[in-house]
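Read off the chains here:
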Amino acid sequence: VQLQASGGGLVQAGGPLRLSCAASGLTFSNRVMGWFRRPPGKEREFVAAINWSGGFTKYADSVKGRFTISRDNANHRMYLQMNSLKSEDTAVYYCAAASGVWSVVGTGAESYAYWGQGTLVTVSS
């Protein structure tokens, strides 16, 4: 199983950035996917998650209304569109795949068995 996150970088506060996650080696189209992040010096935290069809999503309160999670099952990809970025969004962002297929959309890290290597997002104020 491989999850490859990309798209991170340096962006000014208020700007947009789009992260991508390419998945391989697992059944993608029937698996919940999620984004987590680890801010500098802090614990990993939930950002967003999406069910297998893309018809149901969950967001952390801190990103609701600014971030949008989506997926492309045909190409085994997941995305995180981040708008109106703030300095507190600075973190390493990880994509994750749920432990099993047809699962509920979880917000805890324990619901996800597969993790990407992370991509760094730095928001300058």
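Here goes a summary of the coordinates provided. What you see is a predicted model; the values in this text were computed from it and never measured.

Now for the pattern of salt bridges. Tallied over the full model, the rule gives 4 salt bridges. Between E45 and R37 there is a salt bridge, and its shortest N-O distance comes to 2.6 Å. Judged by relative accessible area, which is 28%, E45 ranks as partly exposed. Salt bridges linked by common partners bring R37, E45, R66 and D89 together as one network.

Among all residues save glycine, negative phi is the norm, and among peptide bonds the norm is trans. With a phi angle near 55 degrees, H76 is a residue other than glycine that sits in the positive phi range. Along the chain, the position of H76 falls in the loop between β7 (67-72) and β8 (77-82). Positive phi, normally seen in glycine, also occurs at S84, with a value near 50 degrees. Among the secondary structure elements, S84 is positioned in the loop between β8 and β9 (91-98).

Among the secondary structure elements, R71 is positioned in strand β7. There is no salt bridge for the buried R71, and the closest opposite charge comes from D72, which lies 8.3 Å off by N-O distance. Looking at R71, its side chain comes within polar contact range of the main-chain oxygen of F28, at 2.7 Å.

Analysis parameters
- Residues numbered from 1 in each chain as written.
- Predicted model: local features only at pLDDT ≥ 70, side-chain atom pairs only at ≥ 80, totals over all residues.
- Heavy atoms only, no water.
- Salt bridge = Lys/Arg side-chain N within 4 Å of Asp/Glu carboxyl O.
- Buried < 20%, exposed > 50% of the residue type's maximum accessible area, 1.4 Å probe, protein only.
- Helix = DSSP H or I, 4+ residues; strand = E, 2+ residues; numbered from the N terminus.
- Lys, Arg positive; Asp, Glu negative; His and termini not counted.
- Polar contact = N/O pair within 3.5 Å; in protein donor to acceptor, adjacent residues only side chain to side chain.

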